[in-house]
Amino acid sequence: MNRNKGIGVFDSGVGGLTVANAISKTLPEEKIIYFGDTAHVPYGDKTETQIIKYVHNIIDFFCTKGIKALVMACNTSSAIVLPRLNGRLNIPTLGVIEFASRMALETSKNERIGVVANPLTVKNGAYKRTIKNISLNGTMVFQSPCKRWVPLIEAGNVSGEEVEEIVRQDLKPLIDSKIDTLILGCTHYPYLIPTINKIMNHGIKIIDPAKAVAEHLKKSLEEREMLSNNENSLHEFFVSGDPEEFQKMGSRFFGGKIPTVKKVEL
Ligand code: DGL
């Protein structure tokens, strides 16, 4: 396989750019092919059947582009679709949930971990299952479904009174449960870290797995001798919705302007 092929990274919208950013810092010579399924964002109010269909279409799109690794920079897809793939793609395929769960278990001292995520990820229960499977102790997992966070972020609202009030309401049950570690169970949420920090007691540690995902990807490409040696690789960005909207928001959130975004009908 050609080592200079791209790495496919996808999400429902701009959230996965938090992971793409970490990949581009850790692996600056790699070309990222990013797909934002903005025609269907937010994923949190969809059904599992719908998510399976969307993600299979995205995987088919990446197959037409030719990629050497796939990163599901989306907790909902990682919860619902990754376990069903059973390693069927013949390339490294990474999700985010196991990384975040391991980091949280290493961080928590009181064995009370909180998870904020969209309603579908919460309902799926992937974090509870994963943490239970890894943990030797009876670590307790408290979840809070945050259905308003992704629409706010996609609209570019990450601070201010309205945002703070919504974040406060959704964090309250977790703070009341005396968690000492909070998993950001949606790749959009790192954009809200300053607001979350304002509300939460600073003793509570925040877990964002983006960097760990990028490190693991690096290791697995290294092992396969598949690291790119192209110093001039340019990332490519695709969406299923409005390309201009994504370019505007994405450039704000991605470390570096996004030059062009193409629309793809899936
Ligand atoms: N950013 C995605 C996640 O990590 C999807 C969020 C959404 O569209 O609800 O789950």
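For the structure itself, consult the block above.
In this report, the structure presented in the accompanying data block is examined.

Each value, and the rule that gives it
Residues numbered from 1 in each chain as written. Predicted model: local features only at pLDDT ≥ 70, side-chain atom pairs only at ≥ 80, totals over all residues. Heavy atoms only, no water. Helix = DSSP H or I, 4+ residues; strand = E, 2+ residues; numbered from the N terminus. Buried < 20%, exposed > 50% of the residue type's maximum accessible area, 1.4 Å probe, protein only. Contact = heavy atoms within 4.5 Å. Areas by Shrake-Rupley, 256 points an atom, 1.4 Å probe, with all protein chains shown as cover. Lys, Arg positive; Asp, Glu negative; His and termini not counted. Charge placed at Lys NZ, Arg CZ, Asp CG, Glu CD. Pairing = 2+ DSSP bridges. Axes fitted to C-alpha atoms, helices over the stretch in contact; angles between N-to-C directions. Polar contact = N/O pair within 3.5 Å; in protein donor to acceptor, adjacent residues only side chain to side chain. Salt bridge = Lys/Arg side-chain N within 4 Å of Asp/Glu carboxyl O.

### Looking at the overall build of the protein
- Secondary structure assignment for the protein yields twelve helices and ten strands.
- Counting across all 266 residues of the protein, residues that qualify as buried make up 56%.
- Of all intrachain contacts in the protein linking residues separated by at least 6 positions in sequence, the fraction that spans at least 24 positions is 77%.
- As presented, the protein carries roughly 12200 Å² of accessible surface, and 50% of it is formed by carbon and sulfur atoms.
- The protein carries 33 positive and 29 negative side-chain charges, and their two centres are separated by 3 Å.

### What about the sheet that holds strand 7 (residues 181-184)?
- Spatially, the four strands line up as an open sheet ordered 6-5-7-8, and their pairing is parallel. With one partner strand each, in any of the chains shown, strand 6 (140-145) and strand 8 (205-207) form the two edges of the open sheet. Shown here is a sheet whose adjacent strand axes are inclined to one another by a mean of 25°, direction ignored.
- As paired strands, strand 5 (residues 112-117) and strand 7 are joined by four bridges and run parallel to one another. What sits directly across from I113, in strand 7, is T181.
- Contacts from helix 7 (residues 126-134) reach strand 5, strand 6 and strand 7 within the one sheet, and its direction differs from that of strand 6 by about 165°.

### A closer look at the side chain of S228
- Assignment of secondary structure puts S228 in the loop between helix 11 (210-223) and strand 9 (236-239).
- A distance of 3.0 Å separates a polar side-chain atom of S228 from the backbone oxygen of E29.
- Not counting chain neighbours up to four residues away, the residues in contact with S228 comprise R3, N4, E29, E30 and K68.

### Some words on the pattern of salt bridges
- Under the defined criterion, the tally for this structure stands at twelve salt bridges.
- Note that E30 and K68 form a salt bridge whose closest N and O atoms lie 2.6 Å from each other. Residue E30 is located in the loop between helix 1 (17-26) and strand 2 (32-36), and its partner K68 is located in strand 3 (residues 67-72); the two are separated by 38 residues in the primary sequence. Neither residue differs from the other here; E30 and K68 are each classed as buried.
- In this structure, D176 and K172 form a salt bridge, with 2.7 Å as the shortest nitrogen-oxygen distance.

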